[in-house]
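# A structural walkthrough
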Amino acid sequence: MKKITYIVVAICALALASCADFMDLKPSTEYTEEVVFSDAVLTQAYVNELYNNIQNGAKEHTLDGLTDDAYFTHNYGQKAVNETAISESGMEWYDNANNPFRWQDRYKGIRHANVILSKIGEVPAKSGYDLDRMKGEAHYLRAHMYHELVRGYGGVPIVDKVFTIEDDMATAQLPRNTVAECLDYIVKDLEEAEKLLPAEVGSSDQGRVTRYVATGLKARILLHIASPLYADRTVNTLDVNQYSGDRTDLYRRAKAAALEVINDGPYKLVDCSTGSNTEKAELFKAIITDQQNSEQMFVRNFGIESGTANNMGLWHGPNGYHNWAGTTPTHDLVMSFEFEDGSMPEALLRVGDYTVGNPYNGREPRFYATVATDGNTWGRPRPADAADLDPTPLGRLQAGYYEVTDGDNTVELDLPTGEKISFRGMYGVDTRKGPIEDWNGSWTGYYERKLIDCAVDAQYYRQAVPWTFMRLAEMYTIVAEASVELGDLDEAAQYADLLRARIGNVDCRTALAAQGKQFNQADLREFIRHERRVEFAYESNRYFDVRRWMIADQTNSKPLAGILVVGRLKPGQTQNKPYIHNEEKYEYSYYVQALGNEQRKWDNKLYFAPIARDEIRRNPQLKQNPGLE
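Residues numbered from 1 in each chain as written. Predicted model: local features only at pLDDT ≥ 70, side-chain atom pairs only at ≥ 80, totals over all residues. Heavy atoms only, no water.

## Examining the overall build of the chain
Regarding its fold elements, the chain presents 19 helices and 14 strands. In terms of overall size, the chain behaves like a compact globule, its C-alpha atoms giving a radius of gyration of 25 Å where 629 residues would be expected to give roughly 25 Å. Expressed along its principal axes, the backbone C-alpha trace of the chain runs to roughly 90 × 55 × 50 Å. Buried residues in the chain amount to 61% of all 629 residues. (Helix = DSSP H or I, 4+ residues; strand = E, 2+ residues; numbered from the N terminus. Rg over C-alpha atoms; globule rule 2.2 N^0.38 Å. Buried < 20%, exposed > 50% of the residue type's maximum accessible area, 1.4 Å probe, protein only.)

## Structural notes on the sheet that holds strand 13 (residues 561–569)
Ordered by their spatial adjacency, 6 strands build an open sheet running 6-14-13-8-10-9, and the pairing between neighbours is mixed. The sheet terminates laterally at strand 6 (354–356) and strand 9 (409–414), the two strands that pair on one side only. On average, each strand axis in the sheet is inclined to that of its neighbour by 35°, with strand direction left out of account. Two strands pair when backbone bridges link them, and strand 6 and strand 14 (residues 586–594) are joined in this way by 3 bridges, in the antiparallel orientation. (Pairing = 2+ DSSP bridges. Axes fitted to C-alpha atoms, helices over the stretch in contact; angles between N-to-C directions.)

## Re the pattern of salt bridges
Enumeration over the complete set of coordinates arrives at 52 salt bridges. For the salt bridge of Asp414 with Lys420, the shortest nitrogen-to-oxygen distance reads 2.8 Å. Taken as a pair, Asp414 and Lys420 share a single burial class, namely exposed. Put simply, Glu295, Glu338, Glu364, Arg366, Lys450, Arg471, Arg500, Arg502, Glu531, Glu535 and Glu539 are held in one network by salt bridges that share partners. (Salt bridge = Lys/Arg side-chain N within 4 Å of Asp/Glu carboxyl O.)

## Here we look at the packing of aromatic side chains
Across all of its chains, the model carries 30 aromatic pairs by this definition. Summarising the aromatic geometry, the rings of Phe72 and Tyr76 are spaced 5.1 Å apart at their centres and angled 90° between planes, so their arrangement reads as edge-to-face. By relative accessible area, Phe72 is classed as buried at 1%. When its relative accessible area of 41% is taken as the criterion, Tyr76 is described as partly exposed. An aromatic cluster is present here, built from Trp93, Tyr94, Phe101, Trp103, Tyr107, Tyr146, Tyr153, Tyr185, Tyr543 and Phe544 joined pairwise through their rings. (Phe/Tyr/Trp six-rings, centres within 6.5 Å; stacked < 30°, edge-to-face > 60°.)

## Observations concerning the packing of helix 2 (residues 40–50) against helix 5 (residues 131–153)
With their axes 10 Å apart at the nearest point, helix 2 and helix 5 run at an angle of 20° to one another. Classified by the angle their axes make, helix 2 and helix 5 are roughly parallel. As helix 2 packs across helix 5, the resulting crossing turns out to be left-handed. Along its contact with helix 2, which presents Ala40, Thr43, Gln44, Val47 and Leu50, the element helix 5 presents Leu131, Met134, Glu137, Ala138, Leu141 and Met145. (Parallel < 35°, antiparallel > 145°, perpendicular 65-115°, else oblique. Left-handed = near helix turned anticlockwise from the far one by under 90°. Contact = heavy atoms within 4.5 Å.)

## Quick word on the nonpolar core
Counting residues in each nonpolar core, the largest one holds 140 residues, and the members touching the most others are Tyr94, Tyr140, Tyr146, Val156, Ile225, Phe298 and Met475. For this core, the leading source of residues is helix 5, giving 11 residues. Not counting residues up to four positions away in its chain, the partners in contact with Tyr146 are Tyr107, Ile110, Val156, Pro157, Ile158, Val159, Tyr185 and Ile186. If you look at the next biggest cluster of nonpolar residues, it comprises 12 residues, including Ala480, Ala511, Leu512 and Leu524. (Core = buried A, V, L, I, M, F, W, Y, C linked by side-chain atoms within 4.5 Å.)

## Here we look at the pairing of strand 9
Pairing of strand 9 with strand 10 (residues 420–427) involves 6 bridges; the strand directions are antiparallel. For Leu413, the partnering residue across the bridge sits in strand 10 and is Ile421. Counted between consecutive antiparallel strands, the loop separating strand 9 from strand 10 contains 5 residues, among which Gly418 sits at a positive phi close to 100°.

## As for the pairing of strand 10
The side chains of a regular strand alternate, first on one face of the sheet and then on the other. Bridging between strand 8 (residues 401–403) and strand 10 involves 3 bridges; their strand directions are antiparallel. Residue pairing across strands places Tyr402 opposite Met426, the latter belonging to strand 10.

## Observations concerning helix 4 (residues 103–119)
The end-to-end C-alpha distance of helix 4 is 24 Å, a good match for the 24 Å that 17 residues give at a rise of 1.5 Å each. Burial runs high along helix 4: 13 of the 17 residues are buried. (Expected span 1.5 Å × (residues − 1).)

## Concerning unusual backbone geometry
Glycine aside, a negative phi is what most residues show, and trans is what most peptide bonds show. Here Lys577 and Pro578 are connected by a cis peptide whose omega angle stands at 0°. Note on placement: Pro578 falls in the loop between strand 13 and strand 14. A positive phi angle, near 50°, is found at Glu92, a position not held by glycine. Looking at where Glu92 falls in the secondary structure, it is placed in the loop between helix 3 (78–82) and helix 4. Since its relative accessible area comes to 43%, Glu92 is described here as partly exposed. For Tyr538, which is not a glycine, the phi torsion comes out positive at approximately 70°. Residue placement: Tyr538 occurs in the loop between helix 16 (521–535) and helix 17 (542–548). For Tyr538, a relative accessible area of 1% translates into the label buried.

## Side note on helix 8 (residues 247–264)
Over its 18 residues, helix 8 extends 25 Å from the first C-alpha to the last, a length consistent with the 26 Å expected when each residue adds 1.5 Å. By the burial criterion, the buried members of helix 8 are Leu250, Tyr251, Ala254, Lys255, Ala257, Ala258, Leu259, Val261 and Ile262. In this fold, the buried residues of helix 8 make contact with helix 6 (179–196), helix 7 (211–226), strand 4 (296–300), helix 13 (472–485) and helix 14 (489–501). For helix 8, the N-terminal cap is Asp246; the gap from its side-chain oxygen to the backbone nitrogen of Thr248 is 3.0 Å. (Polar contact = N/O pair within 3.5 Å; in protein donor to acceptor, adjacent residues only side chain to side chain.)

## Focus: the packing of helix 6 against helix 7
Across the interface, helix 6 lies against helix 7 with an axial gap of 8 Å and an inter-helix angle of 165°. Here helix 6 is positioned roughly antiparallel relative to helix 7, judged by the angle of their axes. Taken as a pair, helix 6 and helix 7 cross one another with a handedness that is left-handed. Every residue of helix 7 that contacts helix 6 at Val179, Leu183, Ile186, Val187, Leu190, Glu191, Ala193 and Glu194 is listed here: Arg211, Ala214, Thr215, Leu217, Lys218, Ile221, Leu222 and Ile225. Residue classes in the contact of helix 6 with helix 7 are distributed as 11 nonpolar, 1 polar and 4 charged. (Nonpolar A, V, L, I, M, F, W, Y, C, P; charged D, E, K, R; others polar.)

## So, the state of the cysteines
What the rule picks out here adds up to 0 disulfides. This cysteine, Cys272, is not joined by any disulfide, and Cys454 carries the nearest cysteine sulfur, 16 Å off. Taking relative accessible area as the criterion, Cys272 reaches 0% and is therefore assigned buried. (Disulfide = S-S within 2.5 Å.)

## Focus on the side chain of Asn505
In this structure, Asn505 sits in the loop between helix 14 and helix 15 (508–514). Only 3.4 Å separates the side chain of Asn505 from the side chain of Glu364, close enough to count as a polar contact. Ignoring any residue separated from it by four or fewer positions in sequence, one finds Asn505 in contact with Glu338, Glu364, Pro365, Arg366 and Arg500.

## Section: the confidence of the model for the chain
Taken residue by residue, the chain gives an average pLDDT of 93. The fraction at 70 or more is 94%. Ignoring residues within four places in sequence, the model shows residues 11–20, a span with pLDDT below 50, making 19 contacts including any to other chains. Between residues 22–27, whose pLDDT stays under 50, and residues either more than four places distant or in other chains, the model counts 17 contacts. (pLDDT = per-residue confidence, 0-100.)

As structure tokens, this is what we get:
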């Protein structure tokens, strides 16, 4: 007897033109497979739902909390990964639904794509519905899910058919394919997608993939497998995770694909080079927070309804706004941003270091777009219960401890220098000793800014900010990185300079000289890697970058550090409540302090993620990644 498969199709997708977002989820109805693929309208709805099988990063705890860029405030799930307490039976965050390469979720999505690709040839043509495009979307999205799996686990089983209940269990138990086989399969899917997808989409279809998105993903995965991790035989000891082919050819192909997107695609870098540093920063930040702009290649759009919404403002914003400070910047990330002249910070780098006076002045624009520090304007008035504490019209962050003439508290601090101080004052409203939800305060003394629409009252409202899966800037960094590895240093600098010029930064050669480095392959390689870090902070890239470059033993073993800010009144000055940041009246001291929340360390077993024990029990042909048994 033929097994009847029921498919859940979102009703919204049946009237595509009436929906603000083609992936909005509405009450669903079940249809048999035969019904879905007998009507192009239902088939389109089923293809639309396939997009929901790739995981966006607009979540409370993200991949960045597993890097040197960020700390997850609430210390569950990710702590075990950062302390290397992970195995196939203790997956911790790796088994979290927010994980973009979670095994069970991505294979569920791959099955969804396989169903479409196996049946779409049977769908009758219908005016207004492009079956070739639907097929191209299924090819792309299957490739996207495989590229996430490969970046997470290494070689994985290639499943290119729909297994049914009639299939012998042993038939469905597939071994892991090699990364070379996976790469070939992904590229083949993407090249099929390139043939079938349109070159661009209109505003009503924003969020659908195009031919150039497929080309961009091809550039990304080729660069990824060309990277040192897959050539290594000392740390990367499992044969399916090793690439034995011509890595130089992979770099060439990655570069060519990225150049095709840059030169032929409909995208354009957003010019952020005019105005003050603050104005440049807002222009750069808008690349992420705008619902549409010329740099976006592939995004996940969000409405503001419950269930489809982006809650990053609530999850990551300051506790003084009744937000949760979920993922906060580390001091290490803060000190990775250049000054305007291209030089790097040379002070305030180690625990116990301190300085008097604002150490954040004169940084490049991406710093101010990415990180919020003590005294920064947030972007909206405080809620009613904090308005008396901070009456400034757009809110100024209070992430420190301040002397106040009529202060209610005796502030006692053990400074990282070993000194103890005490004064009459107050705890900033955005600290872990503040009067509003102190348990949600940042441990690091910094707040993330880049992914948040700060004008939204996130305590009550969601933000309509898309999640960016891919943007044009990545193609420039792919060309630059591949060119370095191919020895084309002038071309690497050319594309890095184009990216830097759009925010008004000095060129590579000037910056290298300011940092005491040479224009050679080794120094330019580090420079381009650093450029990726600051350009794509909080866009879920660094987790994969430090692994493919094999530098995680350096980046992920750094002790977690933050900043302690102390504001003392200058001689002769007084300040009654409310406290307001004022560098003429206050002398601000900044101390680098160790945070004992996580004992960060690195184990080479974490270059690849663990496969869950249950998956290995179901499929004994699977080999576990080394050290994760």
